[in-house]
Structure formats: C-alpha cells, structure tokens
Amino acid sequence: MKDKIIQSATQQILKFGFRKFTIDDIASDLGISKKTVYKYFESKSQIISAVMDTYVEMEKARTLEALQTEGGWIDKFNQVVFSETRERAPNWLLQELQQHFPEEWEKGNAIGEFKRAHMRELLQQGIKTGDIRPDINLAIVDMTLDKAIAGVFNFDFLNQNDLTVNQAMEEVQKLFLNGILKRNQE
C-alpha cells in the first residue's frame, strides 16, 4: 500500500503541485481513507520526501541500466547525462519544488553526483576510442557540464527565453557534444 500511496502522490503532485495536492486527493484516488494514508505516512511532507526518494532511486537504476546497454560510449553518455530530462516535470512544478521544498530539491540534485562519477568513466572511454580529443582536461569538462546542467534550472532564464527544461537541456547536449567530438577533416 505504501508504494501505491507514493504512486498516487506522484500523480497528484503532477496534477496539482507540491503545495496544493492533499491527503484527501490520494485517499480518493486509491479508494481508501485518510486514516489509511496516515498509517503509512505521518505527514504530507513525509509523502513528498518519499516521492523524491523514489525518484532518486529510479534515476540511479536508469543510470546503471544505461551503462549496461549495448552501444558505444556516446550512446551510454547520452543516456547517463541527459536521459532524466526526457521525462521531467513542467517548469512551474520544478520551480515550486526548488523554492518551497529546498531539502527535497537537493535530493534531486544529488543524483547529479552519482551520474557525474559514471560520466567521467564514459569520457575516458571516449578518449580511449579516439572519439574525444586526448588533450581535453576531463576535470574542466566535468565542471562545465555540471554548471551547464545546473544553469538549465534557472527558471527566470527559461521563462525569459520561452524554453522548457527539456528544450534547454537538448541545446546543452548539442553544444556540449559538438564541442568535444573529434572531427574528421577531409
């Protein structure tokens, strides 16, 4: 039942936001009483925390799965670094999480460290295969990518430029990969 409550809460959050969804919404969605919800969670904050914990674990699993797929380093790199943005919530919801639930926002950001460790390994593979120039400083690549991805969540910038998180991330991806890939000159 706990997992069902988390799943329902996720859907309610996507529909109403972190602040406006209610325990009643979850109970109604699942056809259970509020008392049953409170049997598993003490508060709405605890439910939000569980939703974010579930998100983090899913992203870790996706990252590890991407590393096991067939394909070259660049396919794996794209999956590890950029895959989570494909299913991101709308800007308004992410902004609400960032502004009103900073501890939970940090949980989402923490997945970045996990991914960065694997990204560094993939970049080293790219150097070994000759796809990335060997004179590239991987520490600078790591820092640049980290800052670029963090910048994608500047909601004032996104709103001023009429961009979604996904659109901004796709542009970072194009810029980043075209900037580090070795070009064949004929």
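Below or above, wherever it landed, is the structure these notes cover. Computed from a predicted structure; not experimentally measured.

Before going further, it helps to spend a moment on the overall build of the chain. Secondary structure summary: the chain contains ten helices and zero strands in total. Along the chain direction, N to C, the helices and strands of the chain fall in the order α-α-α-α-α-α-α-α-α-α. By principal-axis analysis of the C-alpha atoms, the chain measures approximately 70 × 40 × 25 Å. Split into buried and exposed, the 186 residues of the chain put 39% on the buried side. Carbon and sulfur atoms make up 49% of the accessible area of the chain, which totals about 11000 Å². Between the averaged position of the 24 positive side-chain charges in the chain and that of its 28 negative side-chain charges there is a distance of 3 Å.

Across all of its chains, the model carries twelve salt bridges by this definition. Note that D53 and K107 form a salt bridge whose closest N and O atoms lie 2.9 Å from each other. With D53 in helix α4 (residues 44–68) and K107 in helix α7 (residues 102–129), the pair connects residues that are 54 residues apart, well separated along the chain. Here R133 makes a salt bridge to D135, at a shortest N to O gap of 3.1 Å. The class for D135 is exposed, based on a relative accessible area of 59%. Taken together, the shared-partner salt bridges in this structure form one network comprising E113, R116, R120, D142 and D146.

Attention shifts here to the environment of L67. Counting through the fold element by element, L67 comes out in helix α4. A C-alpha to C-alpha distance of 21 Å links L67 and V172, two positions 105 residues apart in sequence. With near-sequence residues (within four places) excluded, L67 lies in contact with K76, V80, H118 and L122.

This next bit is on the nonpolar core. Judged by nonpolar contacts, the single largest core of 46 residues is most densely connected at I47, F77, L123, L145 and F153. Examining the composition of this core, we find that seven residues originate from one element, α4, more than from any other. Excluding residues within four positions of it along the chain, I47 makes contact with A9, F21, I23, I26, V37 and F41.

Turning next to the packing of aromatic side chains. Overall, the coordinates contain four aromatic pairs when judged by the stated rule. Relative to F153, the ring of W105 lies with its centre 5.6 Å away and its plane at 80 degrees, an arrangement referred to as edge-to-face. Of this pair, W105 sits in helix α7 while F153 sits in the loop between α8 (138–151) and α9 (155–160), and the two are 48 residues apart along the sequence. Take W105 and F153: they sit in the same class, and that class is buried. Against the face of F21 rests K44, its NZ or CZ located 4.7 Å from the ring centre. One residue, K60, lies across the ring of F114, its end atom 5.6 Å from the ring centre.

The class for F153 is buried, based on a relative accessible area of 10%. As for F153 and A110, which are separated by 43 residues in sequence, their C-alpha atoms are 14 Å apart.

To continue, consider helix α2 (residues 23–30). Along α2, the residues that are buried comprise I23, I26 and A27. Around the axis of α2, the buried residues are gathered within 95 degrees of arc, so they sit on the same side. Positioned one or two residues after α2, G31 has a phi angle of 70 degrees, which is positive.

Scoring rules and cut-offs
- Residues numbered from 1 in each chain as written.
- Predicted model: local features only at pLDDT ≥ 70, side-chain atom pairs only at ≥ 80, totals over all residues.
- Heavy atoms only, no water.
- Helix = DSSP H or I, 4+ residues; strand = E, 2+ residues; numbered from the N terminus.
- Buried < 20%, exposed > 50% of the residue type's maximum accessible area, 1.4 Å probe, protein only.
- Areas by Shrake-Rupley, 256 points an atom, 1.4 Å probe, with all protein chains shown as cover.
- Lys, Arg positive; Asp, Glu negative; His and termini not counted.
- Charge placed at Lys NZ, Arg CZ, Asp CG, Glu CD.
- Salt bridge = Lys/Arg side-chain N within 4 Å of Asp/Glu carboxyl O.
- Contact = heavy atoms within 4.5 Å.
- Core = buried A, V, L, I, M, F, W, Y, C linked by side-chain atoms within 4.5 Å.
- Phe/Tyr/Trp six-rings, centres within 6.5 Å; stacked < 30°, edge-to-face > 60°.
- Lys NZ or Arg CZ within 6 Å of the ring centre and 35° of its normal.
- Arc of directions from axis to C-beta.

Purely spatial values, then, with no claim about function.
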